[in-house]
Amino acid sequence: MSEPAEKAPTEVTYDLLVIGSGPGGQRAAIQAAKLGRKVAVVEKKAVVGGVCINTGTIPSKTFREAIMHLSGYNERGLYGSSYAVKADITVQDLLLRTSSVMAHELDVVRNQLHRNRIETLNAEASFVGPNTVRLHDVKSGGWRDVTARYVVVATGTRAARDSTIPFDGKRVIISDDILDLTELPRTVTVIGGGVIGCEYASMFAALGVRVTLIDKRPRLLEFVDHEITDVLAYQLRQNRMTLRLGEGVQSVAHTQGRLGQQVRVVLESGKEIVSDMVLYAIGRVGATGGLNLESAGLSADSRGRIAVNPFYQTAVPNIYAVGDVIGFPSLASVSMEQGRLAACHAFGVATQSVPELFPYGIYTIPEISTVGKNEEELTAAGVPYEIGKAQYREIARGQIIGDEQGTLKLIFHLDTRELLGVHIIGTGASELIHIGQAVMAFGGTVDYFVNTVFNYPTLAECYKTAAFDGINRLGSLPELEPKLEPARDVGEVVSAD
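From a predicted model like this one, the values you see are computed outputs, not experimental measurements.

A.B. asks: Just checking my understanding: could you explain the overall build of the protein for this structure?
C.D. replies: Tallying secondary structure elements over the protein gives 13 helices and 22 strands in all. Whereas a compact globule of 497 residues would reach a radius of gyration of roughly 23 Å, the protein reaches 25 Å, a difference of no more than 12%. For the protein, the spread of C-alpha atoms along the principal axes amounts to about 80 × 70 × 45 Å. By the burial criterion, 49% of the 497 residues in the protein qualify as buried. Across the protein, the fraction of contacts at a sequence separation of at least 24, relative to all contacts at a separation of at least 6, is 63%. Counting every atom, the protein has about 24200 Å² of accessible surface; 50% of that belongs to carbon and sulfur.

A.B. asks: Help me understand the environment of Leu 378, please; the structure alone is not making it clear to me.
C.D. replies: Mapped onto the elements, Leu 378 comes out in helix α9 (residues 375–381). Put simply, Leu 378 and Gly 421 are 43 residues apart on the chain and 9.7 Å apart in space, counted from C-alpha to C-alpha. Among all residues touching Leu 378, those that are not within four sequence positions of it are Lys 373, Val 383, Tyr 385, Ile 411 and Leu 420.

A.B. asks: What is the right way to read the sheet that holds strand β18 (residues 360–362) from this model?
C.D. replies: The strands making up a sheet associate through hydrogen bonds between their backbones, and the pairing can be parallel or antiparallel. Strand order in the open sheet formed by five strands is β18-β19-β22-β21-β20, with antiparallel pairing between adjacent strands. In this open sheet, the two strands that pair with only one neighbour each are β18 and β20 (385–391). Strand-to-strand twist across the sheet, computed as the mean angle between neighbouring axes with direction ignored, equals 10 degrees. As defined by bridge partners, β18 adjoins strand β19 (residues 368–372) across three bridges and the pair is classed as antiparallel. Counterpart to Ile 362 in the pairing with β19 is Ile 368. Packing of helix α11 (residues 429–441) onto the sheet brings it into contact with β19 and β22 (419–425), and relative to β22 it is tilted by some 175 degrees.

A.B. asks: Would you mind showing me how to read the packing of aromatic side chains here?
C.D. replies: How two aromatic rings sit relative to each other is given by the distance of their centres and the angle of their planes. With the rule as written, the count across this model stands at eleven aromatic pairs. Residues Tyr 79 and Tyr 83 carry aromatic rings whose centres are separated by 5.1 Å and whose planes lie at 45 degrees to one another, so their mutual orientation is tilted. A relative accessible area of 55% means that Tyr 79 is categorised as exposed. Taking 5.7 Å as the distance between ring centres and 80 degrees as the angle between the ring planes, the aromatic pair formed by Phe 223 and Phe 328 counts as edge-to-face. Taken together, the positions of Phe 223 in the loop between β10 (210–215) and α7 (226–238) and Phe 328 in the loop between β17 (319–321) and α8 (332–346) put the pair 105 residues apart, joining distant regions of the chain.

A.B. asks: For this particular structure, what's the right way to read the pattern of salt bridges?
C.D. replies: Pairs can form between side chains of opposite charge once their charged atoms are near each other. The full count for this structure, using the stated rule, is 19 salt bridges. Between Arg 305 and Asp 301 there is a salt bridge, with its nearest N and O atoms 3.0 Å apart. Judged by relative accessible area, Arg 305 falls into the partly exposed class, the value being 32%. By relative accessible area, Asp 301 is classed as partly exposed at 34%. As a salt-bridge pair, Glu 337 and Arg 340 come within 2.8 Å of each other at their nearest N and O atoms. Here Glu 337 pairs with Arg 340, and both are found in helix α8, just three residues apart, close to one helical turn. By relative accessible area, which is 26% here, Arg 340 ends up partly exposed. Linked by salt bridges that have partners in common, Asp 225, Glu 227, Glu 375, Lys 389 and Lys 409 make up one network.

A.B. asks: I keep staring at the sheet that holds strand β14 (residues 272–275) and nothing clicks. Help me out?
C.D. replies: Within the open sheet, the three strands sit side by side as β12-β13-β14. Their pairing is antiparallel. The open sheet terminates on both sides in strands that have one partner only, identified here as β12 (249–257) and β14. Here the strands of the sheet are splayed against their neighbours by 20 degrees on average, with no regard to which way each runs. Here four bridges tie strand β13 (residues 260–267) to β14, and the two strands are oriented antiparallel to one another.

A.B. asks: I'm lost on the nonpolar core in this one. Help?
C.D. replies: Nonpolar side chains in soluble globular proteins generally cluster together in the buried interior. By size, the foremost hydrophobic cluster in this structure holds 50 residues, and its most contacted members are Leu 17, Ile 118, Phe 127, Val 133, Leu 135, Val 152 and Ile 319. With near-sequence residues (within four places) excluded, Ile 319 lies in contact with Phe 127, Pro 130, Val 151, Val 153, Ala 296, Leu 298, Tyr 312, Gln 313 and Thr 314. With 42 residues, the next largest nonpolar core counts Leu 207, Val 231, Leu 279 and Ile 425 among its residues.

A.B. asks: Looking at this structure, how should I read helix α5 (residues 91–115)?
C.D. replies: Three or four residues apart is the spacing at which side chains of an α-helix point the same way, because the helix has 3.6 residues per turn. Along its 25 residues, α5 runs 36 Å from first to last C-alpha, staying within 8% of the 36 Å computed at 1.5 Å per residue. Contacts made by the buried residues of α5 are with α1 (23–34), β2 (39–42), α2 (50–54), α3 (57–71) and β3 (119–121). Just downstream of α5, Arg 117 is the residue with a positive phi angle, here 60 degrees.

A.B. asks: I tried to follow the state of the cysteines on my own but got confused; where do I start?
C.D. replies: By definition, a disulfide is the covalent link that joins the sulfur atoms of two cysteine residues. Going through the model one piece at a time under the given rule, you end up with zero disulfides. Considering cysteine sulfurs only, Cys 198 is the nearest to Cys 52, which forms no disulfide, with 20 Å between them. Relative accessible area serves as the criterion here: at 13%, Cys 52 is assigned to the buried category.

Criteria and cut-off values
- Residues numbered from 1 in each chain as written.
- Predicted model: local features only at pLDDT ≥ 70, side-chain atom pairs only at ≥ 80, totals over all residues.
- Heavy atoms only, no water.
- Helix = DSSP H or I, 4+ residues; strand = E, 2+ residues; numbered from the N terminus.
- Rg over C-alpha atoms; globule rule 2.2 N^0.38 Å.
- Buried < 20%, exposed > 50% of the residue type's maximum accessible area, 1.4 Å probe, protein only.
- Contact = heavy atoms within 4.5 Å.
- Areas by Shrake-Rupley, 256 points an atom, 1.4 Å probe, with all protein chains shown as cover.
- Pairing = 2+ DSSP bridges.
- Axes fitted to C-alpha atoms, helices over the stretch in contact; angles between N-to-C directions.
- Phe/Tyr/Trp six-rings, centres within 6.5 Å; stacked < 30°, edge-to-face > 60°.
- Salt bridge = Lys/Arg side-chain N within 4 Å of Asp/Glu carboxyl O.
- Core = buried A, V, L, I, M, F, W, Y, C linked by side-chain atoms within 4.5 Å.
- Expected span 1.5 Å × (residues − 1).
- Disulfide = S-S within 2.5 Å.

Right, here's the structure in full:
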């Protein structure tokens, strides 16, 4: 562990200095500003928003939404596999929607920072000491030192690269390069079956691009419930995707193929895959290289991540770190909450959060969302449980929207019937998950869904169907004490007031 931070200087430039303007940095800065503190955000890029708005979450999810609409993917179950809103979809069609949403989100962030009187500094930051940060002005090239009582590091991550792979931004790319494509490839090889790899692989497949997905692990998204990933793998194969799981990559090289310039990927097993483009998606590393952490008494691990305690304090108490730079789960939603909690802790404001109930949203096609424990985790912990499942095709709304593969799965304690986990794949999964999340937050049981009326027809009815399925597996119902109420006259008028 590092030496404790030196006592903060009497005269400070800022109460809180935030390095990075992504979701975690934004929320830390705004929370501190709401508490009446003097706050500044340092951002080395010309625009605020970090990876989330400029190359990651917002553009990729908008890209996906444009694909879903223009390809007619959701309606193919009703109108046939050849159905599409637009016959010849171009990259320009997809980026038209993406650029519009990105511009709007950038404006929202700028406005939020401005109206909360947060100073935005276009500079590159590096530590001089625990309370002192050197700012290298991006435009002028000059520098100055500023002091702060507290510092929040929210620099996010950058895509990992392998020095043996010939990246060129056109044929061999990382996810950041997708927004710079000029045309859609006919074939794509995706190296990496994590969240980013699976998301983009499924998007290209929905467009009719022939995709091969390679990953060393035996199954996709190993932290997700196995039944859910089984459904995902089935759907991906239905979209003509080839999955090469348990396979390592030996080499990647540009080649002259029968269709012009292509890329050859050789696997450790000897298999060869030739495609128009290769997307390298083997994780991300913390963007901490230029921070000079050592001068503040800090260090990062081999993947550039900073260790923190439950309050998001680093080994130096006045320096906090939030967001992707601290590692898993690397979700924008979680980063926002981490930023808020860090600012509150720094300035002595009591807070309450439930990190074990943070929901995960994975925007593959079909999308996945999960909260709580999965079967593998509960089995390893020796917790007795039962499950209940509902298929979208059993629900009227599922038939209406044409989603016949969607699945909602509940996991509850065998004895107490307390809800332990919810796992969904299908249309609206990332929205539906919050119903289960709310029930779990209040210690609810699976019986809640049995006794609740859901709007009809809705996908939310899956909760009721899954609950009945789970209770039926138990073989017995809880005994209820008879509860007598006075009979109501059928002619009685009940006031809406």
